[in-house]
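# Report on the structure
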Number of protein chains: 2
Amino acid sequence: MSSDYKTQKGQEFDRGAFESLLRRKVFLWQSFEPYGSVKGLFDYGPPLEGLESEVLSIWRDHFIRAEKMMALKCSMLTPYEVFKVSGHVERFADFMCKDPKTGEILRSDHLIGDVLESRLKSDKEARGEKIEETEEDPKRKKKAAKAAKGAVKLDDKVRAEYEHILAVLDDFTGDAMGELIKKHDIRNPASGNEVEPPVSVNLMFQTQIGATGNNPAFLRPETAQGQFLSFQKLLEFSDGQLPFASASIGYSFRNELSPRSGLLRVREFLMAEIEHFVDPESGKKHPKFASVANVELPLLSRQTQTSGVTKPEMVAIGKAVESKLVDNETLGYFLVRIYEFMKRIGIDLNKLRFRQHLENEMAHYASDCWDCELLNSYGWTECVGCADRSAYDLSVHSKATGQPLVAKEMLKEPYTVEEYVAVLDRKKAGPRFKKDAKAVETALEELSQDIKEKLTLEMSEKGKVEVPVSSVEGGKVELDKDLVTFEKQKRLVNSREYTPNVIEPSFGIGRILYSLMEHSYWTRADDVARSVLSFTPRVAPIKVLLVPLQRDTRFAPLISALEARLDAKSISYKVDQSGVSIGKRYSRNDELGIPFGITVDFESIEDGTYTLRDRDSTKQVRSTEEEIVRAISRMIKGKESWADVQKRLPAFETKEE
Amino acid sequence: MSSDYKTQKGQEFDRGAFESLLRRKVFLWQSFEPYGSVKGLFDYGPPLEGLESEVLSIWRDHFIRAEKMMALKCSMLTPYEVFKVSGHVERFADFMCKDPKTGEILRSDHLIGDVLESRLKSDKEARGEKIEETEEDPKRKKKAAKAAKGAVKLDDKVRAEYEHILAVLDDFTGDAMGELIKKHDIRNPASGNEVEPPVSVNLMFQTQIGATGNNPAFLRPETAQGQFLSFQKLLEFSDGQLPFASASIGYSFRNELSPRSGLLRVREFLMAEIEHFVDPESGKKHPKFASVANVELPLLSRQTQTSGVTKPEMVAIGKAVESKLVDNETLGYFLVRIYEFMKRIGIDLNKLRFRQHLENEMAHYASDCWDCELLNSYGWTECVGCADRSAYDLSVHSKATGQPLVAKEMLKEPYTVEEYVAVLDRKKAGPRFKKDAKAVETALEELSQDIKEKLTLEMSEKGKVEVPVSSVEGGKVELDKDLVTFEKQKRLVNSREYTPNVIEPSFGIGRILYSLMEHSYWTRADDVARSVLSFTPRVAPIKVLLVPLQRDTRFAPLISALEARLDAKSISYKVDQSGVSIGKRYSRNDELGIPFGITVDFESIEDGTYTLRDRDSTKQVRSTEEEIVRAISRMIKGKESWADVQKRLPAFETKEE
């Protein structure tokens, strides 16, 4: 997969060189390095923290402000009970095998995959076939390769079986994996030991609230549950009107058994999740759908995937919803908004597709799901899940707590129903049934219309009836006409109560940032050692590089004036006064993705003009301090492009690069 | 305390009414309400989430961008070892007492305080003295009051003793509190049971990383440690130059035993922490100090407090540093920047003071500390701590891990030293000492100059010497002149290695937001039921309210046009089309702190003009769509005030309010 991955300029993507840049420019590193680092935990240094901040600010503007979503911030610490009810205690788990002699814990699917792949590789070696490079953790691969102990040719049937297992590994249950491990004598590659059968391990971090030990809690694995539990507050805030959406930018946690793939699989991660609450009987229409109906999206449907095709098709979202390829307008509208967001932050749209989940792939709560996948050197990566969670979560929490999580629709045309009702005389029922009086009343109310009709007749005939009340002794009570009156009444129905459905676009911010960095990375044609991160002016963590021609005190007041002007506009900048050549200073700051450079030279002192350099083209224009800062400000806001500026301001030629 | 607390208009502050507003307008609520809520955990609804986002955006601009700080994001999950070394495992703790019969856990200092206060209250009742209202959890107070069982008069001496204990309660050790509890027969007020002696309970949330059980971890109680452990990366990013500052906005956790006081004491909270690394031998000068030296700050010194005064004095920071009241320029510079930040977000500067920590109050790592305290209805509340943590953290981590966390200063004037050196012949030492060879070499290197001089003489006389090596058998080795050479060498010293000191301004965002909400709250003079949150245009979560005069389809295109214009400028707004009067609509949105309102009426249809209303004064001006949106945009950016706009645009009178 990854060997096909190219930079935006069509160059081979060298992940080693890319990662070296990220390390050198302190974009990120494994946390707690002086203590030997912890897998699956990363710190972001200034460039990546800045990039994240800009991307989040666009997310807020694009979704929360523009769509008038209700922004929420909910607790990460979550009582045990909440995830018991949501299903996460049972289902948010991976299978693992323990090596009983070394105590090592191995993810069962990784273990099987590694060992079988290694045997297949060995088989290929023995057959003299070409071996494709894979992009996994080299250490782990080495262990697996070592375990293969030289090239061993497999029986054709065995080889086919291994290949089949690898293709469908995601679908195996724990028991099935246990059988596979036995049947194929799969052992811990590192030790050669047999492993214990797979057991399910929950992936939530557990802790305790307070000191009593009575309040077990988890760190949430998604921000969604807090939003569901806030539903009644939000409904109040929207004056009872649906549809509305809540949105939350917050951290979630997943106690990965053996984290891999850098930023793509981590234990602590930022999500931006939207919960759009909608009346299921509304057809999930969206008021703004018409405005996006013509937008074409790269869609890879379930059907296409089943037929083995992996290339998405460009389909107008209006047509996709019409043909039921995409289930409803709201889902379709969000796919378009996700696409526009990705465009706005600078994602390469040729490396984006929407893939529909296969039936067996969907989460336990989902009724339909499309992933926005971004292509990076690890392959197609799920970066946004866009699921229809139906009424699952609101229903289970409401049932478990007895608290209503429902909306009410006022009917435009109220109607009258005629119903049998049973009215208990409380004054008499109290003394008679004492503590059971309430239960008797409830039992009466809950009788079906059929039964009530029958009892109405019976009462009029016999003057007494028997009613089942499960909580009293004997399971039923006898009621005479003094105690209860049965009658037929008219009732005006003017509202309908329902549990809203939820459509949930859920963004993995870390994965988006990682993909964005890969999409932005390329090297100068004339020198592969000179790499560039071409972040758009809007997302670049630092906007401007100030470069005095050389160390000279005469430049100081000019630099100060430029700084003051940039500060006044809240534009971030960096001054590079080091002694190396201008070209070198630009090229090492291209690696930070700084889009613009201002050179201060001796002419600047004389005529007050400066050179403005564009990172991507390395072209330059020359103008006054005021004009240059204005152009930068307009390009950051997206009001002008570099091409526009080039048309306005005179070009400047130099032998710089 | 709180009975003195007034709104910005000098009105009595009614906390009940204020909290009712926060609930009604869904600013915040206790998390997981349908599951019965969890103490010390809060969710933020749209208005408070929005306010936080705006305040953080100002924080980023004010500190990270303007001061060119290195923004970092570090992991919350932290290995046990890190907090063992930092001292938190031992010292980040509270004392608690257990009620052995009910299992209840009580914070020892709260328990003593509650019981003694209740007895003093009862004593006052018995003496017929006036009782001041306190603002604590009413439920708890009720319990304590109940335990007092009617008014009981105390002996004068006992009364004085109780009062003394309450005054110095913070200073007691666990053992001392245990003695107090025995001596004064302090029991659990809820049950009347005796309690067990105080034990120290760590306040960090503990969990496990991975599934092996070998990696205990904590949720961090501060963001600082991650920043310290990233020191070498940051140093690299700054090309080895000090001073520099890192900054991190992130969550921390504190497993409070019994949380109180709403947002002021919570279990999960957002901090914004700055670590400013500086050479201790630089005198902690700050390059921008001169630019702020004349700014006057309300300072409450240690000395003033000791003399019983609580009113701060306005002192120019230049003078404060000169007189050593504030220890150094860097600390002083940050106090000014904190003050300016508070001003920028709309804090009432009459409710702000900087209080110096008393000697016994400082954290285990601090060498000097000033708190920025904000006055709210709970009293003076620490909202920013500004501590000099000296070299404590970098030193302990460096020592524990063996990784250098140091900076190097290149000397302007390198100098030469003459030193005795001992050079081991490794080729001979290897075979002779085998596995101990390295230890012998290290032992030789670490000998002091005095000893080396002595051994040089000895070797020249006897041809052999004895050197102590603790790890070898016998604790020493004999070395002859074939194995080791002693000589005097000249060495050029051109750099100085040192552990930087750290000055740490640490912001509690939740406390600042809570205080800001209280500072912004007041009620209309003509109607106390009409309350207002007067957030500045810059921090207000929603900027504009659009109000059509009445429900009428003719207003729809005008509203749409206004919406489009506001969207184009990314200005947030809300449309209130409900059927109630304009005055009512404005007044209920004043409670959300929306600073501006645009009224669309029949004249708007005719002449394209609209009314612009200012929330605080309820004054109005009238102009075109373009002019009004432009004025709003300029007021949000702080380029114009309402007074400026009133001068430019014609006033509009109405009977609205």
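Residues numbered from 1 in each chain as written. Chains lettered and ligands numbered in written order. Predicted model: local features only at pLDDT ≥ 70, side-chain atom pairs only at ≥ 80, totals over all residues. Heavy atoms only, no water.

The name an unreviewed UniProt entry assigns to chain A is glycine--tRNA ligase, from the organism Elsinoe ampelina. In UniProt, chain A has this text filed under Sequence similarities (unreviewed entry): "Belongs to the class-II aminoacyl-tRNA synthetase family." In its Subcellular location (unreviewed entry) section, UniProt records this for chain A: "Cytoplasm". (UniProt positions renumbered as here; feature names shortened; annotations may be inferred.)

## Describing the overall build of chain A
A count of helices and strands for chain A gives 23 helices and 28 strands. Here chain A holds 657 residues, and 55% of them are scored as buried. The contacts in chain A between residues at least 6 apart in sequence include a share of 69% that link residues at least 24 apart. (Helix = DSSP H or I, 4+ residues; strand = E, 2+ residues; numbered from the N terminus. Buried < 20%, exposed > 50% of the residue type's maximum accessible area, 1.4 Å probe, protein only. Contact = heavy atoms within 4.5 Å.)

## Topic: the relation of the copies chain B and chain A
You can overlay chain B on chain A at an RMSD of 0.5 Å; the transform is a turn of 180° with a shift of 0.2 Å along its axis. As the rotation angle and translation indicate, the two copies are arranged about a two-fold axis. When each C-alpha of chain B is compared by its distance to the rotation axis, B:Thr207 comes out closest, at 2.9 Å. When the interface residues of chain B are mapped onto chain A, 100% of them are again interface residues, pointing to one common binding face. (Least-squares fit on C-alpha atoms with pLDDT ≥ 70 in both.)

## Brief notes about the interface of chain B and chain A
Contacts between the two partners involve 78 residues from chain B and, on the opposite side, 78 residues from chain A. In total, about 6,500 Å² of surface goes out of reach between chain B and chain A, with carbon and sulfur atoms giving 63% of it. Connecting chain B to chain A are eight salt bridges. Across the pair B:Lys73 and A:Glu52 runs a salt bridge whose closest N-O atoms are separated by 2.6 Å. Joining chain B to chain A, the criterion identifies 34 residue pairs in polar contact (both at pLDDT 80 or more). Take the side of chain B that touches chain A: its biggest share by element is nine residues, from helix H2 (residues 46-65) of chain B. Looking at the side of chain B that touches chain A, its residues break down into 38 nonpolar, 20 polar and 20 charged. (Buried area = accessible area lost by both parts, 1.4 Å probe. Salt bridge = Lys/Arg side-chain N within 4 Å of Asp/Glu carboxyl O. Polar contact = N/O pair within 3.5 Å; in protein donor to acceptor, adjacent residues only side chain to side chain. Nonpolar A, V, L, I, M, F, W, Y, C, P; charged D, E, K, R; others polar.)

## Points about unusual backbone geometry
All names here are of chain A. Cis geometry marks the peptide bond from Leu242 to Pro243; its omega dihedral reads -5°. Within the fold, Pro243 resides in the loop between helix H10 (231-237) and strand S10 (244-253). You will see that Val26, though not glycine, has its phi angle at about 45°, which is positive. Among the secondary structure elements, Val26 is positioned in the loop between helix H1 (15-24) and strand S1 (28-30).

## Some remarks on the packing of aromatic side chains
Scanning all chains against the criterion turns up 42 aromatic pairs over all chains. Between B:Tyr5 and B:Phe13 the ring centres are 5.1 Å apart and the planes differ by 80°, which places this aromatic pair in the edge-to-face class. Within the aromatic cluster, the residues linked to one another by ring pairs are A:Tyr5, A:Phe13, A:Phe18, A:Tyr378, A:Tyr514 and A:Tyr521. The ring of B:Trp522 has B:Lys9 lying over it, and the distance from NZ or CZ to the ring centre is 4.3 Å. Above the face of the B:Tyr586 ring, B:Arg613 is positioned so that its terminal group lies 4.3 Å from the ring centre. (Phe/Tyr/Trp six-rings, centres within 6.5 Å; stacked < 30°, edge-to-face > 60°. Lys NZ or Arg CZ within 6 Å of the ring centre and 35° of its normal.)

## Observations regarding the pairing of strand S21 (residues 501-508) of chain B
The side chains of a regular strand alternate between the sheet's two faces. Residue and element names in this part refer to chain B. Of all the eight residues making up S21, eight are buried; the element is thus mostly covered by neighbouring parts of the structure. Side-chain alternation along S21 places Asn501, Ile503, Pro505 and Phe507 on one buried face and Val502, Glu504, Ser506 and Gly508 on a second face that is also buried. The sheet contact formed by strand S11 (residues 268-278) and S21 spans six bridges and is antiparallel. Residue pairing across strands places Glu273 opposite Ser506, the latter belonging to S21. (Pairing = 2+ DSSP bridges.)

## Looking at the sheet that holds strand S4 (residues 77-79) of chain B
Either a parallel or an antiparallel arrangement is found when strands of a sheet pair, and the pairing is made through backbone hydrogen bonds. Residue and element names in this part refer to chain B. What the three strands build is an open sheet, ordered S4-S9-S8; its pairing is antiparallel. Pairing within the sheet leaves two strands with one partner each, and these edge strands are S4 and strand S8 (206-208). Across the sheet, the axes of successive neighbouring strands diverge by a mean angle of 45°, strand direction being ignored. Across three bridges, S4 lies against strand S9 (residues 216-219) in antiparallel orientation. (Axes fitted to C-alpha atoms, helices over the stretch in contact; angles between N-to-C directions.)

## Focus on the pairing of strand S12 (residues 296-300) of chain A
All names here are of chain A. In terms of burial, S12 is a largely internal element, four of the five residues being buried. Across four bridges, S12 lies against strand S13 (residues 313-316) in antiparallel orientation. Residue pairing in the sheet places Leu299 in a bridge with Glu313 of S13. Alignment of S12 against strand S14 (residues 352-356), held across two bridges, turns out to be parallel. For Leu300, the partnering residue across the bridge sits in S14 and is Arg355.

## Brief notes about H2(B)
Between its first and last C-alpha, H2(B) extends 27 Å over 20 residues, near the 28 Å set by a 1.5 Å rise per residue. When you tally the buried positions in H2(B), you get 18 out of 20 residues, the bulk of the element. (Expected span 1.5 Å × (residues − 1).)

## Section: the sheet that holds strand S6 (residues 105-107) of chain B
All names here are of chain B. Ordered by their spatial adjacency, three strands build an open sheet running S6-S5-S7, and the pairing between neighbours is antiparallel. The open sheet terminates on both sides in strands that have one partner only, identified here as S6 and strand S7 (199-202). Direction aside, neighbouring strands of the sheet carry axes that sit 50° apart on average. As defined by bridge partners, strand S5 (residues 93-98) adjoins S7 across four bridges and the pair is classed as antiparallel. When the bridges of S7 are listed, Ala93 appears paired with Asn202. Packing of helix H5 (residues 108-127) onto the sheet brings it into contact with S5 and S6, and relative to S6 it is tilted by some 75°.

## As for helix H20 (residues 582-590) of chain B
All names here are of chain B. Counting buried residues along H20, seven of its nine residues qualify, which places the element largely inside the surrounding structure. Those residues of H20 not exposed but buried are Ile582, Gly583, Arg585, Tyr586, Ser587, Asn589 and Asp590. Packing partners of the buried residues in H20 comprise strand S22 (521-524), strand S23 (527-533), strand S24 (544-548), strand S25 (573-575), strand S26 (596-600) and strand S27 (609-614).

## A word on a positive patch on the surface
Among the surface-exposed residues, A:Lys569, A:Lys637, A:Lys639, B:Lys569, B:Lys637 and B:Lys639 lie close enough to one another that they form a single positively charged patch. As for its placement among the helices and strands, B:Lys569 is situated in the loop between helix H19 (556-568) and S25. (Patch = residues over 30% accessible without salt bridge, like charges linked within 9 Å, V, L, I, M, F, W, Y side chains within 5 Å. Areas by Shrake-Rupley, 256 points an atom, 1.4 Å probe, with all protein chains shown as cover. Lys, Arg positive; Asp, Glu negative; His and termini not counted. Charge placed at Lys NZ, Arg CZ, Asp CG, Glu CD.)

## Description of the packing of helix H5 (residues 108-127) of chain A against helix H8 (residues 174-183) of chain A
All names here are of chain A. Packing of H5 against H8 leaves a shortest axis separation of 10 Å and a crossing angle of 35°. Handedness of the crossing formed by H5 with H8: left-handed. On the side of H5, the interface is formed by Ser108, Asp109, Leu111 and Ile112, while H8 contributes Met177, Leu180 and Ile181. Its residues placed into classes, the contact of H5 with H8 shows five nonpolar, one polar and one charged. (Left-handed = near helix turned anticlockwise from the far one by under 90°.)

## A few points about the side chain of A:Thr78
Residues and elements named next belong to chain A. Relative to the helices and strands, Thr78 resides in strand S4 (residues 77-79). You can call Thr78 buried: its relative accessible area is 2%. For Thr78, the side chain forms a polar contact with the main-chain oxygen of Met76, separated by 3.0 Å.

## Remarks on the state of the cysteines
One pass over the full model with this rule turns up zero disulfides over all chains. Sulfur of A:Cys386: no disulfide; nearest cysteine sulfur belongs to A:Cys369 and is 7.3 Å away. (Disulfide = S-S within 2.5 Å.)

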